Structures are given as structure tokens and as C-alpha cells.
Amino acid sequence: LFYFFLIYKVRACRNAIEFNSIPSIGKLVPGGYDGLKLQVLLAVPPKYQPGLDLSQVKNAFPYGSVEFIIQDGGMIAPSGIAIDALGDTNEDMVVVCASVTVGY
């Protein structure tokens, strides 16, 4: 379960930025892409907040410095199955909501 939880946190972050493109960042932001500051708000069910691995989530962002804010939110729904081979300990399906603010 924790492996998939990590995958979905990373996916939420990727989805928040992957369809956005600002090709002129080098002209707009001092320092170009490396000068970007990303503020990532993650809404995570409280039960799963202690298991957050923010270093893995940070790797979803190819540039800029990243600041995380964690708040209660997201959702836990029944998946209908726990798969022992994947390390599942219950049937929780965890939804994480992500918002990414870009600045410099």
C-alpha cells in the first residue's frame, strides 16, 4: 500500500504541472528554470501523513526549489482488495490532492 501511496503522490504532482509549458522561462525568471520556486500543497488523509516520503515526491519536479505544505484532506475509499505481494495491509485506496504554485 505504501508503494502505491507514493506513486499516487508523485502522480498528483506530475499531473499538476505536466501540461503546463512556459518556454520563455529563461527570459522571465532570473536564473531560468533553476531560479523557479515551487510551493507544493498536498492534501493527504491524516492517517497516511506519517508515511510521506517527500524526497521521492520532490523528484517529480525536474527543476526549481521545492517547498511542501501538508494539510489534512484527500480521501480514503475502499479498493475492494488488499494484495499481499504489494505490501498492502488493508483495502484502502488513498487519494492525494496536489496544488503547485510556481514563482521566483
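### What about the nonpolar core?
Core analysis: the biggest nonpolar cluster contains 16 residues, and Cys13, Val40, Leu42, Val44, Phe61, Val66 and Phe68 have the highest contact counts within it. Going through the elements one at a time, helix H1 (2-17), strand S1 (37-44) and strand S2 (65-72) are the ones with two or more residues in this core. Examining the composition of this core, we find that four residues originate from one element, S1, more than from any other.

### Brief notes about the sheet that holds S2
One open sheet holds the three strands; their spatial order is S2-S1-S5, and the pairing between them is mixed. Because the sheet does not close on itself, it has two edges, and the strands there are S2 and strand S5 (97-103). For this sheet the average axis-to-axis angle between neighbouring strands, irrespective of direction, equals 20°. Sheet topology places S1 next to S2; eight bridges connect them, and they run parallel. From the neighbouring strand, Val40 faces S2, where its bridge partner is Phe68.

### Concerning a nonpolar patch on the surface
Together, Ile81, Ile83 and Leu86 give the surface a local cluster of nonpolar side chains, amounting to about 230 Å² of exposed area. Topologically, Leu86 is positioned in the loop between strand S3 (75-78) and strand S4 (92-95).

### Re the pattern of salt bridges
Inspection of the entire model under this criterion finds one salt bridge. For Lys47, the salt bridge is made with Asp92, and the minimal N-O distance between the two is 2.8 Å. With Lys47 in the loop between S1 and helix H3 (54-58) and Asp92 in strand S4, this residue pair connects regions lying 45 residues apart in the sequence. Lys47 sits in the exposed class, given a relative accessible area of 53%.

### Points about the environment of Pro30
Turning to its location among the elements, Pro30 is positioned in the loop between helix H2 (25-28) and S1. Using a relative accessible area of 57% as the deciding quantity, one classes Pro30 as exposed. C-alpha of Pro30 to C-alpha of Tyr104: the two residues are 74 residues apart in sequence and 7.7 Å apart in space. Dropping the residues within four chain positions of it, Pro30 is found in contact with Gly35 and Tyr104.

### A closer look at the confidence of the model for the protein chain
Overall, the prediction assigns the protein chain a mean pLDDT of 84, with 86% of residues at 70 or greater. Averaged pLDDT values for the elements of the protein chain fall to 64 in H1 and rise to 96 in S2.

Cut-offs and rules
- Residues numbered from 1 in each chain as written.
- Predicted model: local features only at pLDDT ≥ 70, side-chain atom pairs only at ≥ 80, totals over all residues.
- Heavy atoms only, no water.
- Core = buried A, V, L, I, M, F, W, Y, C linked by side-chain atoms within 4.5 Å.
- Buried < 20%, exposed > 50% of the residue type's maximum accessible area, 1.4 Å probe, protein only.
- Helix = DSSP H or I, 4+ residues; strand = E, 2+ residues; numbered from the N terminus.
- Pairing = 2+ DSSP bridges.
- Axes fitted to C-alpha atoms, helices over the stretch in contact; angles between N-to-C directions.
- Patch = residues over 30% accessible without salt bridge, like charges linked within 9 Å, V, L, I, M, F, W, Y side chains within 5 Å.
- Areas by Shrake-Rupley, 256 points an atom, 1.4 Å probe, with all protein chains shown as cover.
- Salt bridge = Lys/Arg side-chain N within 4 Å of Asp/Glu carboxyl O.
- Contact = heavy atoms within 4.5 Å.
- pLDDT = per-residue confidence, 0-100.

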